[in-house]
Amino acid sequence: MSTAAVAAPARTGQVLADLLPASRVRDIALVVGGAALTGLAAQIAVPVPGTPVPVTGQTFAALLVGTSLGARRGVAALALYALAGLAGMPWFAGGGHGFSASFGYILGMLLASAAVGALARRGADRSMPRMAGTMLLGEAIIYAVGVPYLAFSADLSASAAIAAGLTPFLIGDALKAALAMGLLPTAWKLLDK
C-alpha cells in the first residue's frame, strides 16, 4: 500500500459537515446555522423590474447548505428556514415573511437541498464538472417548483411566469453555480492535503 493511500483518509459517502466530530449538538448547530445562512443570504435582494421575484443570495445559500450538510440536515435546515419565515420571522427575500408569489422557490429549495445533498454524499462535490451538474440540477428543481407556483399565485400564463420567474435569473444562477463549482471541490482538496 502506498503512503499516499495511508495519508488520505477515506471520505467516500461523506459530505463536508461529516468531517466535524459527530454529535447531536453538531447536527442541531449545523441545521440552525444552515437556516440562518439562508435567511441572511436572502437579505441580499435586488428587485427585478416586471417580476415579484428578486435576485437573491438565497438560492446559492440553499444549494450550498444542501451540498455541504447532506440531504437530511440540508432539508432540515431549509424546513426550519421556511417554517420560521411562515411563522413571521422576516428573513425571506428582502425581509419578507409568510406566503408570497415567490414562496414556491422556497419549496423548491427544500427539494433541491435533498437532491444536491444526496449527490454530494456520492462525491458530486469533489470535482468542478460534477459540482456544475449538481448545481444545475438543484437550480432546475427550484425553478420546476417556483415557476408554476408563481404562475398560480400571481395568475400568470405559463409563458408570462417563465418570463417573470426564470429568464431574468439565468445569468445570475450560472454565476452562482460557477462560484459553487470552485468552492466545494477546493475545500475538499485543501482538507485532503
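Conventions and cut-offs
Residues numbered from 1 in each chain as written. Predicted model: local features only at pLDDT ≥ 70, side-chain atom pairs only at ≥ 80, totals over all residues. Heavy atoms only, no water. Helix = DSSP H or I, 4+ residues; strand = E, 2+ residues; numbered from the N terminus. Rg over C-alpha atoms; globule rule 2.2 N^0.38 Å. Buried < 20%, exposed > 50% of the residue type's maximum accessible area, 1.4 Å probe, protein only. Areas by Shrake-Rupley, 256 points an atom, 1.4 Å probe, with all protein chains shown as cover. Lys, Arg positive; Asp, Glu negative; His and termini not counted. Charge placed at Lys NZ, Arg CZ, Asp CG, Glu CD. Phe/Tyr/Trp six-rings, centres within 6.5 Å; stacked < 30°, edge-to-face > 60°. 1 Å grid on protein atoms, 1.4 Å probe; cavity = no way out; pocket = protein on both sides within 12 Å on 5 of 7 lines; lining within 4 Å. Points joined across faces, edges and corners; volume = space filled by probe spheres on them. Nonpolar A, V, L, I, M, F, W, Y, C, P; charged D, E, K, R; others polar. Salt bridge = Lys/Arg side-chain N within 4 Å of Asp/Glu carboxyl O. pLDDT = per-residue confidence, 0-100. Contact = heavy atoms within 4.5 Å. Expected span 1.5 Å × (residues − 1). Polar contact = N/O pair within 3.5 Å; in protein donor to acceptor, adjacent residues only side chain to side chain.

### A closer look at the overall build of the protein chain
Here comes step 1: The secondary structure content of the protein chain amounts to eight helices and two strands.
Here comes step 2: A globule of 193 residues ought to have a C-alpha radius of gyration of about 16 Å, and the protein chain, at 17 Å, matches this closely.
Here comes step 3: Overall, the protein chain is about 65 × 35 × 20 Å in size when its C-alpha atoms are taken along their principal axes.
Here comes step 4: Across the 193 residues of the protein chain, 45% fall into the buried class.
Here comes step 5: Surface accessibility of the protein chain: about 9400 Å² in total, with carbon and sulfur atoms responsible for 74%.
Here comes step 6: Separation of charge centres in the protein chain, based on 12 positive and 7 negative side chains, amounts to 10 Å.

### Let's talk about the packing of aromatic side chains
Here comes step 1: A complete count under the given rule lists six aromatic pairs for this structure.
Here comes step 2: Geometrically, the ring pair formed by Phe-99 and Phe-103 is edge-to-face, given 5.0 Å between the ring centres and 70° between the ring planes.
Here comes step 3: A relative accessible area of 4% places Phe-103 in the buried class.
Here comes step 4: One aromatic cluster is present, built from ring pairs that chain together Tyr-81, Trp-91, Phe-92, Phe-99, Phe-103 and Tyr-149.

### With respect to the layout of surface pockets
Here comes step 1: The calculated volume of the largest pocket comes to roughly 300 Å³.
Here comes step 2: Lining the largest pocket are 24 residues, and of these Val-53, Pro-54, Thr-56, Gln-58 and Tyr-105 sit closest to its centre.
Here comes step 3: Elements represented by at least two residues in the lining of the largest pocket include exactly strand S2 (55-56), helix H3 (58-69), helix H5 (103-121), helix H6 (128-153) and helix H8 (170-192).
Here comes step 4: For the lining of the largest pocket, the element with the most residues is H5, which contributes four residues.
Here comes step 5: Residues belonging to the lining of the largest pocket are distributed by class as follows: 13 nonpolar, nine polar and two charged.

### A look at the pattern of salt bridges
Here comes step 1: Under the definition given, this model contains six salt bridges.
Here comes step 2: Taking the shortest distance from any N to any O, the salt bridge between Asp-18 and Arg-73 comes out at 2.7 Å. Of the two residues, Asp-18 sits in the loop between helix H1 (3-7) and helix H2 (24-42) while Arg-73 sits in helix H4 (residues 71-86), which places them 55 residues apart along the sequence.
Here comes step 3: The exposure class of Arg-73 is buried, given its relative accessible area of 2%.
Here comes step 4: Asp-27 is the partner of Arg-73 in a salt bridge, and the nearest nitrogen-oxygen pair spans 3.0 Å.

### Some remarks on the confidence of the model for the protein chain
Here comes step 1: Model confidence for the protein chain is summarised by a mean pLDDT of 89, while 93% of its residues fall at 70 or above.
Here comes step 2: Within the protein chain, H4 carries the highest mean pLDDT (97), whereas H1 carries the lowest (42).
Here comes step 3: In this model, residues 1-9 is a region of pLDDT below 50 whose contacts with residues beyond four sequence positions or in other chains number one contact.

### Some details on H2
Here comes step 1: In this model, H2 (19 residues) spans 27 Å end to end at C-alpha, consistent with the 27 Å of a helix rising 1.5 Å per residue.
Here comes step 2: Among all positions in H2, only Arg-26, Asp-27, Leu-30, Val-31, Gly-34, Ala-35, Thr-38, Gly-39, Ala-41 and Ala-42 are buried.
Here comes step 3: Looking at the buried positions of H2, the neighbouring elements they touch are strand S1 (45-46), S2, H3 and H4.
Here comes step 4: Regarding H2, its N-cap is Ser-23, as a side-chain oxygen of that residue lies 3.4 Å from the backbone nitrogen of Val-25 further along.

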